[in-house]
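The primary structure of each chain is shown beneath.
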Amino acid sequence: MTRSAQPMVRVNFEVCLGIIRQAAVEILMLLNIHAAEGKDPRWFLEQLEVARLNLGNWAAVARRLNLNDAEMSQFTIQLRHLQQQVPGYESGQDVSTNQMIAALRFVSALEQLKEKQPLLHYSTALDTSTPAPEREARQQIRALELMIRGLIHRAWPDRSQLLHHLNTLFGADKVRRWVKMSENDDVLSGMLFSELALLLVDKKEYARHYASIFQSAASLSFLIEPRKTLQAFLEDVRQYRNTLLSGQPLTPTQSTLLDSYFEDISGPVQRAYNEGRTSVNPGALLAANESELAEFYDYARQKNDLVGGDIFDVRSGIDRPEKMNARSKEERQQLIYGALWGVVGIVVITIAIGALMIVSDVATPPAPAAQKNILSEEVDEQRYTSTRSARDVLASMGIRWDENSLRSAIERNDSKVARLFLQGGMEWKVSWTEQLLADESNETLNLLLNYRPQMNELKPCRRMIATIGHAMAQGESLNALRKQYLRAFCTTPAVVKRQKYEMELAQQREMGGGDIEKKWAGIQKAIYRVIE
């Protein structure tokens, strides 16, 4: 299933690092930073931070590189992933699968940057011994799509129940469109690849139907959890699929990445098939002849032409119709508060009119109350002006007023842009800080703590504690910032009780286990001591 033998992995990895060092020198030169030679990913990340400080903000850095805000954020996130996977490397060392994937993903990001910015001339060519055959890539993408369909059919073998479930998740309009475009009476064949992938990686769907296949596997460990890794890999596969459908070949970097993605995604399913836990056989799906490939891609092109292409990202969750139509908890509260204050206002006005009628001959207007109302109006006006000015400043910087832009600013540690969003009243989520919490000190993370009331994530602690625990298991420390965030959001009695249970459970496993269980028990105890 793969073209890369293990001896070639180390060679390709060192080629990737060489490409990154060469590209770093050219990119930094565009940002007015001159370096004689490139160094490791951590150094490159530090130099980009220097460029941000020199130019004023990340938006200015993005303009120099001809990137928009989201593209700049993705570029820095890919570099940060690489730096975390490869904190240091000496020539000749063994290379893990995740390290190779991180290096290839960043080289792919460099390819995209080079297309955006014509002033960059670095080479991103891998020294592959043989050219990557396009037929193999077409086989892999077809096999992945049919594998996802097979897993969904395994979860919902009855067609009527599947249709009802899809109606509940996506709404009747979408399901009617899929049925109309489907072939062989299979509604899943009418779905776009991004929609199929979304049905697989949605948090609830994944936990109920697919976690048993993917969760226990050694693969899909690139990100903090298999589901997130699956989402990231399938998003790249979607883009590669679009490239092939447009008649363009994949680059050697993309083909090598597709090899790794196919192995990581199909491996657990193949293992489940071999053990008799599923009827979906990726190996058989991969063995497609030229006629089957032509039929699959002809139909995929027709479907793309009908809907205008598969242009949407593979998201992490389905926006269910009832969720989109129903009022949120905050909206319901505002409606109730508005009604109550309306009643209170009517009562107050009635009492005031009665009092004025009784003492109209001697009463005078209450000057202090009027003054208080004027002051209140001035404060409200100042708050409104401040909010509008923050949004105006963001608009003048070319930054959209939406959650994705704030999240991008947080993830790349752009405290200036983040502050403007927060001053403008934008709400934020603790889960957006995962990548940055490894730092010993971080200006943006400290800023967010000053805007705690605007944190609107309903239950942030389970995910945050799990993320911190896994990071500590990989050798990272429970630093001061992590402790601050745990104390800020995870000291409620229910969370403390649950963490105490997790600690006691880990300690029980420690008694009959080895070094790994002992280490995990120590991690759970350390987290509990912070929040107790």
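As the structure is a prediction and not an experimental result, all values here were calculated from the model.

Parameters at a glance
Residues numbered from 1 in each chain as written. Predicted model: local features only at pLDDT ≥ 70, side-chain atom pairs only at ≥ 80, totals over all residues. Heavy atoms only, no water. Helix = DSSP H or I, 4+ residues; strand = E, 2+ residues; numbered from the N terminus. Buried < 20%, exposed > 50% of the residue type's maximum accessible area, 1.4 Å probe, protein only. Contact = heavy atoms within 4.5 Å. Areas by Shrake-Rupley, 256 points an atom, 1.4 Å probe, with all protein chains shown as cover. 1 Å grid on protein atoms, 1.4 Å probe; cavity = no way out; pocket = protein on both sides within 12 Å on 5 of 7 lines; lining within 4 Å. Points joined across faces, edges and corners; volume = space filled by probe spheres on them. Core = buried A, V, L, I, M, F, W, Y, C linked by side-chain atoms within 4.5 Å. Phe/Tyr/Trp six-rings, centres within 6.5 Å; stacked < 30°, edge-to-face > 60°. Salt bridge = Lys/Arg side-chain N within 4 Å of Asp/Glu carboxyl O. Axes fitted to C-alpha atoms, helices over the stretch in contact; angles between N-to-C directions. Parallel < 35°, antiparallel > 145°, perpendicular 65-115°, else oblique. Left-handed = near helix turned anticlockwise from the far one by under 90°. Nonpolar A, V, L, I, M, F, W, Y, C, P; charged D, E, K, R; others polar. pLDDT = per-residue confidence, 0-100.

### Brief notes about the overall build of the protein chain
So, point 1. A count of helical and extended segments in the protein chain gives 24 helices and zero strands.
So, point 2. Expressed as a percentage of the 532 residues in the protein chain, the buried residues total 47%.
So, point 3. In the protein chain, 74% of the contacts between residues at least 6 apart in sequence involve partners at least 24 apart.
So, point 4. Counting every atom, the protein chain has about 27700 Å² of accessible surface; 53% of that belongs to carbon and sulfur.

### What to know about the layout of surface pockets
So, point 1. Roughly 320 Å³ of internal volume is contained in the second largest pocket.
So, point 2. Looking at the second largest pocket, it is lined by 19 residues, and the ones nearest its centre are Lys174, Glu195, Leu198, Phe312 and Arg315.
So, point 3. Among the elements of the structure, helix H7 (159-170), helix H8 (172-181) and helix H9 (193-201) are those that each provide at least two residues to the lining of the second largest pocket.
So, point 4. Top element by residues in the lining of the second largest pocket is H9. It accounts for three residues.

### Things to note about unusual backbone geometry
So, point 1. Look at Asn66: it is not a glycine, yet its phi comes out positive at around 60 degrees.
So, point 2. Inspection of the secondary structure puts Asn66 in the loop between helix H3 (58-64) and helix H4 (69-85).
So, point 3. Residue classification places Asn66 among the partly exposed positions, given a relative accessible area of 40%.
So, point 4. Of note in this structure, Asp185 is not a glycine but carries a positive phi near 60 degrees.
So, point 5. On the basis of relative accessible area, Asp185 is assigned to the exposed category, the value being 54%.

### Details of the nonpolar core
So, point 1. Ranked by internal contacts, the top residues of the largest apolar core, which has 104 residues, are Ile27, Phe44, Phe75 and Phe214.
So, point 2. Among all residues touching Phe44, those that are not within four sequence positions of it are Ile20, Ala24, Ile27, Leu28, Phe75, Leu79 and Phe106.

### Remarks on the packing of aromatic side chains
So, point 1. Under the defined criterion, the tally for this structure stands at 11 aromatic pairs.
So, point 2. The interplanar angle of 20 degrees and the centroid separation of 6.4 Å between the aromatic rings of Tyr206 and Phe214 together place this pair among those described as stacked.
So, point 3. Overall, Phe214 belongs to the buried group, its relative accessible area being 0%.
So, point 4. Ring centres 5.1 Å apart and planes at 80 degrees place the aromatic pair Phe296 and Tyr297 in the edge-to-face group. The pair formed by Phe296 and Tyr297 is uniform in burial state, with each residue classed as buried.
So, point 5. Every member of this aromatic cluster is reached through a ring pair, and the members are Phe222, Phe233, Tyr240 and Tyr261.

### Observations regarding the pattern of salt bridges
So, point 1. Scanning the model with the defined rule gives 21 salt bridges in all.
So, point 2. The residue Arg277 makes a salt bridge to Glu275 at a minimum N-O spacing of 2.8 Å.
So, point 3. Judged by relative accessible area, Arg277 falls into the partly exposed class, the value being 36%.
So, point 4. Bridged by salt links that share partners, the residues Asp69, Arg412 and Asp414 form one connected network.

### Considering the environment of Ala506
So, point 1. Residue position: Ala506 is located in helix H23 (residues 493-512).
So, point 2. Owing to a relative accessible area of 2%, Ala506 belongs among the buried residues under this scheme.
So, point 3. Counting along the chain gives 13 residues from Ala506 to Lys519, while the straight-line C-alpha distance between them is 9.4 Å.
So, point 4. Setting aside chain neighbours within four positions, we find Ala506 in contact with Glu517, Trp520, Ala521 and Gln524.

### Structural notes on the packing of helix H22 (residues 480-489) against helix H24 (residues 515-531)
Geometry of a packed helix pair, given as the angle between the helix axes and the separation of the axes.
So, point 1. It is the contact of H22 with H24, at a shortest axis distance of 9 Å, that shows an interaxial angle of 55 degrees. Classified by the interaxial angle, the pair formed by H22 and H24 is oblique. The two elements H22 and H24 meet at a crossing, and its hand is right-handed. Touching Lys483, Leu486 and Arg487 of H22 are Ile527, Val530 and Ile531, all from H24.
So, point 2. A breakdown of the residues in the contact of H22 with H24 according to their chemical character gives four nonpolar, no polar and two charged.

### Quick word on the environment of Ala390
So, point 1. Looking at the secondary structure, you find Ala390 in helix H17 (residues 367-396).
So, point 2. Linking Ala390 and Arg419, residues 29 residues apart in sequence, is a C-alpha distance of 8.8 Å.
So, point 3. Contact partners of Ala390, with chain neighbours within four places excluded, come to Leu420, Gln423 and Gly424.

### Looking at the confidence of the model for the protein chain
So, point 1. Summarising the model, the protein chain shows a mean pLDDT of 82, and 84% of its residues fall at 70 or more.
So, point 2. This model gives residues 323-327 a pLDDT under 50, and the stretch forms four contacts once residues within four places in sequence are excluded.
So, point 3. Here residues 361-385 scores under 50 on pLDDT; set against residues more than four positions off or in separate chains, the count is zero contacts.

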